[in-house]
Amino acid sequence: MGKFRGWHIVAGIAAMVLTGILGTAMGLNNTATFMSSCVAFVAVSMWMDSRIARRRRETAREETARETARPDAAGGPGRRSATDLTLDADSPKRDGHGG
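Within each chain, residue numbers correspond to sequence positions counted from 1 in written order. Confidence filtering applies because this is a predicted model: local features only for residues at pLDDT of at least 70, side-chain atom pairs given and counted only at 80 or more, and all residues used for totals across whole chains, interfaces and linings. Each side-chain value is derived from all of the structure's non-hydrogen atoms; neither hydrogens nor water enter the calculation.

Focus: helix 2 (residues 30-68)
Residues spaced three or four apart along an α-helix face the same direction, because each turn holds 3.6 residues. Put simply, DSSP marks the helices as runs of H or I at least four residues long and the strands as runs of E at least two long, and each gets a number from the N terminus on. Multiplying one less than the number of residues by 1.5 Å gives the expected span of a helix. For helix 2, which comprises 39 residues, the first-to-last C-alpha distance of 57 Å matches the rise-based estimate of 57 Å (1.5 Å per residue) to within 8%. Only protein chains enter the accessibility calculation, which uses a 1.4 Å probe. A residue is then buried if its area is under 20% of the maximum for its type, exposed if over 50%, and partly exposed in between. Buried within helix 2 are the following residues: Thr33, Ser37, Ala40, Ser45, Ile52, Ala53 and Glu67. Buried-residue contacts for helix 2 involve helix 1 (7-25). Contact criterion: two residues are considered in contact whenever any of their non-hydrogen atoms come within 4.5 Å of each other.

Some remarks on the packing of aromatic side chains
In summary, the pairing rule links any two rings of Phe, Tyr or Trp, Trp by its six-membered ring, whose centres are within 6.5 Å, and it sorts them by plane angle into stacked for under 30 degrees, edge-to-face for over 60 and tilted for everything else. Within the structure shown, the criterion is met by 1 aromatic pair. Note on Phe4 and Trp7: the rings are 5.0 Å apart at their centroids and 80° apart in plane angle, and the pair reads as edge-to-face. A relative accessible area of 35% places Trp7 in the partly exposed class.

A look at the side chain of Ser45
Tracing the backbone through its elements, the reader meets Ser45 in helix 2. Judged by relative accessible area, which is 8%, Ser45 ranks as buried. Residues adjacent in sequence count toward polar contacts only when both atoms are side-chain atoms; beyond that, a polar contact is any pair of N or O atoms within 3.5 Å, and within protein one must be able to donate a hydrogen and the other to accept it. Within polar-contact distance, the side chain of Ser45 engages the backbone oxygen of Phe41 at 2.8 Å. Those residues within four positions of Ser45 in sequence are excluded, and the remaining contacts are His8 and Gly12.

Some thoughts on a nonpolar patch on the surface
On the surface, a nonpolar cluster with roughly 350 Å² of combined accessible area is contributed by Ile9, Ile13, Val17 and Ile21. Structurally, Ile13 is set in helix 1. Excluding any residue in a salt bridge, patches collect residues exceeding 30% relative accessible area, merging like charges within 9 Å and nonpolar Val, Leu, Ile, Met, Phe, Trp and Tyr side chains within 5 Å. Method for areas: the Shrake-Rupley scheme with a 1.4 Å probe, in which residue coverage is limited to the protein chains shown. Any carboxyl oxygen of Asp or Glu that lies within 4 Å of a side-chain nitrogen of Lys or Arg is treated as forming a salt bridge with it.

Side note on helix 1
Over its 19 residues, helix 1 runs 27 Å from end to end, which matches the ideal 27 Å to within 8%, given 1.5 Å per residue. Along helix 1, the residues that are buried comprise Gly12, Ala15, Thr19, Gly20 and Gly23. For helix 1, the angular spread of the buried residues around the axis is 140°, confining them to a single face. Exposed residues on helix 1 whose side chains face more than 90 degrees from its buried face are Leu18, Ile21, Thr24 and Ala25. The directions from the helix axis to the C-beta atoms are what the arc is built from.

See the structure below:
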């Protein structure tokens with residue numbers, strides 16, 4: 001996934017295009033096709049965003065557990081505090097978390 005943060009938007013646009021094609025093929029008028037495409041965009045982008053956020057949380061949790069399980073966990077140079085994790089470039093910036 002890398003550093004690109006727009007995967008949920010890309011998935012939503014793909015769902016919107018697919019829904020538009022299916023709506024036109026089914027014979028829906030333009031308004032109905034557009035409205036169903038918008039609903040598909042919102043639904044898929046929100047679902048994808050939640051999946052990505054869940055994966056990032058699990059990865060951060062595993063990384064934290066791995067760091068605390070080290071022998072130098074008593075405060076050695078390789079240890080990061082909880083505040084350092086919130087300043088990470090990949091941490092979510094909503095709900096008051098992140099920098």
